[in-house]
Amino acid sequence: MAATDLEQIVNLSKRRGFVFLSAEIYGGFRSAYDYGPLGSLLLRNVKNAWIRAMVQERDDVVLIDAAILAPPQIWEASGHLANFTDPLVDCTNCKQRFRLDKLDDPDTCPNCGRHGTFTEARQFNLMFKTQAGPVEEAGTVAYLRPETAQGMFVNFANVLNTSRKKPPFGIAQVGKVFRNEITPQNWIFRTREFEQMEMQFFVPPADSARWFEYWCQERLDWYVRHGIPRDDLRLRRHDADELSHYSAGTSDVEFRFPWGFDELEGIAQRTDYDLKQHAAASGERLDYFDQVTGERYVPYVVEPAAGVTRTMAAFMLAAYDVDEVGGEERTLLRLHPRLAPYQVAVLPLSKKDILTPLAGEVRHTLAGRYMVDYDEVQSIGKRYRRQDEVGTPICVTVDFDSLDDKAVTIRDRDTTDQVRVPIDHLVDEVADRLGF
Ligand code: ATP
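On a predicted model such as this, the values are computed, not experimentally measured, just so you know. (Residues numbered from 1 in each chain as written. Predicted model: local features only at pLDDT ≥ 70, side-chain atom pairs only at ≥ 80, totals over all residues. Heavy atoms only, no water.)

J.: Go over the overall build of the protein chain with me, naming the residues and quoting the values.
T.: Of regular secondary structure, the protein chain possesses 13 helices and 24 strands. Carbon and sulfur atoms provide 47% of the accessible area of the protein chain, an area that totals close to 20,700 Å². The averaged location of the 67 negative side-chain charges in the protein chain is 2 Å from the averaged location of its 52 positive side-chain charges. (Helix = DSSP H or I, 4+ residues; strand = E, 2+ residues; numbered from the N terminus. Areas by Shrake-Rupley, 256 points an atom, 1.4 Å probe, with all protein chains shown as cover. Lys, Arg positive; Asp, Glu negative; His and termini not counted. Charge placed at Lys NZ, Arg CZ, Asp CG, Glu CD.)

J.: I'd love a proper account of unusual backbone geometry, names of residues and values included.
T.: Between Pro-167 and the following residue, Pro-168, the backbone shows a cis peptide bond with an omega angle of 0 degrees. Within the secondary structure layout, Pro-168 lies in the loop between helix H6 (156-163) and strand S10 (169-178). Phi at Lys-95 takes a positive value of approximately 70 degrees, unusual for a residue other than glycine. With respect to the secondary-structure elements, Lys-95 resides in the loop between strand S5 (85-90) and strand S6 (97-99). At Lys-406, a residue that is not glycine, the phi angle is positive and equals roughly 50 degrees. Considering the arrangement of structural elements, one finds Lys-406 in the loop between helix H12 (400-405) and strand S23 (407-412).

J.: So what about the nonpolar core? Which residues, and what values?
T.: Phe-18, Trp-187, Trp-222, Tyr-223, Phe-255 and Met-316 are the most contacted members of the largest nonpolar core, which has 59 residues in total. No other element matches the 10 residues that helix H2 (residues 37-56) contributes to this core. Non-local contacts of Trp-222, meaning those with residues more than four positions away in its chain, are made with Val-46, Ala-49, Trp-50, Ala-53, Met-197, Thr-311 and Phe-315. If you look at the next biggest cluster of nonpolar residues, it comprises 20 residues, including Val-362, Leu-426, Val-430 and Ala-431. (Core = buried A, V, L, I, M, F, W, Y, C linked by side-chain atoms within 4.5 Å. Buried < 20%, exposed > 50% of the residue type's maximum accessible area, 1.4 Å probe, protein only. Contact = heavy atoms within 4.5 Å.)

J.: Describe the site of the ligand, and please don't skip the residues or the numbers.
T.: Taken together, 17 residues are adjacent to the ligand, and Glu-181, Arg-190, Thr-191, Glu-263 and Leu-264 come closest. Contact distances for the ligand include 3.3 Å between a nitrogen atom and a backbone N or O atom of Phe-189. Within the side chain of Arg-190, an N or O atom sits 2.8 Å from an oxygen atom of the ligand. The protein chains hide 88% of the 600 Å² of surface that the ligand would expose on its own. Going through the elements one at a time, strand S11 (193-203), strand S14 (260-271) and strand S17 (300-307) are the ones with two or more residues in the shell around the ligand. At four residues, S14 tops the list of elements feeding residues into the shell around the ligand. Counted by class, the shell around the ligand contains five nonpolar, four polar and eight charged residues. (Near = heavy atom within 4 Å. Polar contact = N/O pair within 3.5 Å; in protein donor to acceptor, adjacent residues only side chain to side chain. Nonpolar A, V, L, I, M, F, W, Y, C, P; charged D, E, K, R; others polar.)

J.: Could you give me a rundown of the layout of surface pockets, with the residues and numbers involved?
T.: Put simply, the second largest pocket is a space of about 400 Å³. Put simply, the parts of the chain that give the lining of the second largest pocket at least two residues each are strand S2 (33-35), S10 and S11. A breakdown of the residues in the lining of the second largest pocket according to their chemical character gives nine nonpolar, five polar and six charged. (1 Å grid on protein atoms, 1.4 Å probe; cavity = no way out; pocket = protein on both sides within 12 Å on 5 of 7 lines; lining within 4 Å. Points joined across faces, edges and corners; volume = space filled by probe spheres on them.)

J.: Quick one: what's the story with the pattern of salt bridges, residue by residue and with numbers?
T.: Within this structure, the stated rule accounts for 37 salt bridges. Between Arg-15 and Glu-389 there is a salt bridge; the shortest N-O distance is 2.2 Å. In this pair, Arg-15 sits in helix H1 (residues 6-16) while Glu-389 sits in helix H11 (residues 380-390), placing the two residues 374 residues apart along the sequence. Overall, the relative accessible area of 12% leaves Glu-389 in the buried class. Linking Arg-285 and Asp-287 is a salt bridge whose minimum nitrogen-to-oxygen distance equals 3.5 Å. One salt-bridge network, held together by shared partners, links Asp-321, Asp-323, Arg-330, Arg-334, Asp-388, Arg-411, Arg-413 and Asp-414. (Salt bridge = Lys/Arg side-chain N within 4 Å of Asp/Glu carboxyl O.)

J.: Got a sec to walk through the side chain of Ser-78? Specific residues and values, please.
T.: Secondary-structure assignment places Ser-78 in helix H3 (residues 72-78). In terms of polar contacts, Ser-78 uses its side chain to reach the side chain of His-80, at 2.7 Å. Excluding its chain neighbours within four sequence positions, the residues that come into contact with Ser-78 are Gln-150, His-245, Tyr-273 and His-278.

J.: Can you lay out the sheet that holds S5 for me, pointing to particular residues and giving the numbers?
T.: Strand order in this open sheet of three strands is S6-S5-S7, and the pairing throughout is antiparallel. In this open sheet, the two edge strands, each paired with only one partner strand, are S6 and strand S7 (122-125). Neighbouring strand axes in the sheet, compared pairwise and without regard to direction, differ in orientation by 45 degrees on average. With three bridges connecting them, S5 and S6 associate as antiparallel partners. Of the residues in S6, the one forming a bridge with Val-89 is Phe-98. (Pairing = 2+ DSSP bridges. Axes fitted to C-alpha atoms, helices over the stretch in contact; angles between N-to-C directions.)

J.: So what's going on with the packing of H2 against helix H9 (residues 308-319)? Which residues, and what values?
T.: Contact geometry of H2 with H9 gives a least axis separation of 10 Å together with a crossing angle of 105 degrees. Of the possible angle classes, the one that applies to H2 and H9 is roughly perpendicular. Where H2 abuts H9, its residues Gly-39, Leu-42, Leu-43, Val-46 and Lys-47 lie against Val-308, Thr-309, Thr-311, Met-312, Phe-315 and Met-316. Looking at the contact of H2 with H9 residue by residue, the classes come out as seven nonpolar, three polar and one charged. (Parallel < 35°, antiparallel > 145°, perpendicular 65-115°, else oblique.)

Spelled out as C-alpha cells, the structure:
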C-alpha cells in the first residue's frame, strides 16, 4: 500500500529526520527545505543510483560538475533570458498569485472561488539574478543556473577533446539549480532550490528519434528497477503548446502522486538548438568531425532531465506501507536496499557493557561497506519498528548467546523473518540479501 496522503510522508519525514522546514526556528523560509540525517542519505542514494545507471554501468556517458553561478551570455544564448518564463496572474479579489498554465480553470480563482477576477497574464522570468563581485554595475550580473544542462553544452568541446568519446555519447551532471517558482507547492515536489540529474546525449541528427525512444524506455525502467510499481508510472507525450522553447518533442515520466499523475522527469529532443546558439554567440566551434565519413555536423541532443528531490518524494510515497505484525500495526518503508538511508542496523539486545565490545566489532565490520545505524536504546521490538519506519532492510541483533556462539540474528524488514548467522559469514550473508 503506497501512501495515499502526502501528510503521512511529511509527518514521517519530520518525525524521523528526513526533511525539515528550512529556517524552522524563524518560522520557515518560503517553501525551502533542509534534509536531515536520514533525508540527506536518501538523497545521496538517489543520486548514486542515477550515476550508477547513467555513467558507471555504461561506457558512453561521462560525468561533469559545472558552476552554479553563470554569466548572462550563457542565458542570452540559451534563450532562458527571453523564454524561461511562466505566465503569472493575480486575483484582484483575494490578491493571491497563480501560475496560469497550472490552473484547472483559467477563469476561476482556486483560492476565493470568484470568476473573472484575474489580471492579464504577465510573463515572469524564473531565474534568480545576483551580482558577482562587490560593485553593482554592468558586467557583474550573474544568474544562478535554473538547469544543469547549459554546463554540458558550454563544455561540449572541452569534454570531446579530453574524453575520447564520440557521438553517440553523453555528458551527465547532478547538482543544485534555482527557479523563482511562482507557486512552490506539495512539500518538496516544487521548491525554489532543488537538485537535478540531467544528461545530454549527443547523437548524429538522423538517429535522434531512435535515441529518444531508447531513453524514454530506459528512464522508465530505472524507476521500476528501484521499486516504483509500473502501474504507478506512465509516459506522457507533451502537446505542441506545452513544449519548452528548445524542444522538438518531449515525453514526461509521470508518477501517481496523491494528487494525481505528475511529472518526475522530462525526456526532451533538444535538437542542435543549444550547441548552435552557443557556437553563434561565442564564436567557438561546437560540432563534431567524423573521420570515418569525413562529415562535419552539429550533434542532436536527447536529454533525460530528472529532479532529485521530487524523485525522493516519489520513492518514499511508493515505499510507504502499513501492515500487521503480531497483532500490532507497523509502518514501514519498503525502500530498495540501494536507496534506504541505512542498509543495516546493529542492535545489541541490551545496553549492558558486556555486549558493547562485540556489537561495536560487528558494526565496524559492516560499516566499511554499508551505511550502518547503531542503536541500543529502548526495547528490541521498538527498535525494529524504528528501523522499519525508515526503511532499513536488515537488522542485526547481538545477544548474550553471541558471546559464546559467535553468531548474530539477522532480521528481514519486509518479512520480519529471523535467522542465526555466524559472525564470520555476516558480511557475505548481508551482501547476498541486499544484492550488493
Ligand atoms: P514544470 O513545468 O513542472 O515547472 P518543467 O517541466 O519546467 O517543470 P524541467 O525543466 O523539465 O521541468 O525540469 C526537469 C525536472 O526537474 C522535472 O521533471 C522535475 O523533476 C524537476 N523540477 C523542475 N522544477 C522543479 C521544482 N521547482 N522543484 C523540484 N523539482 C523540480
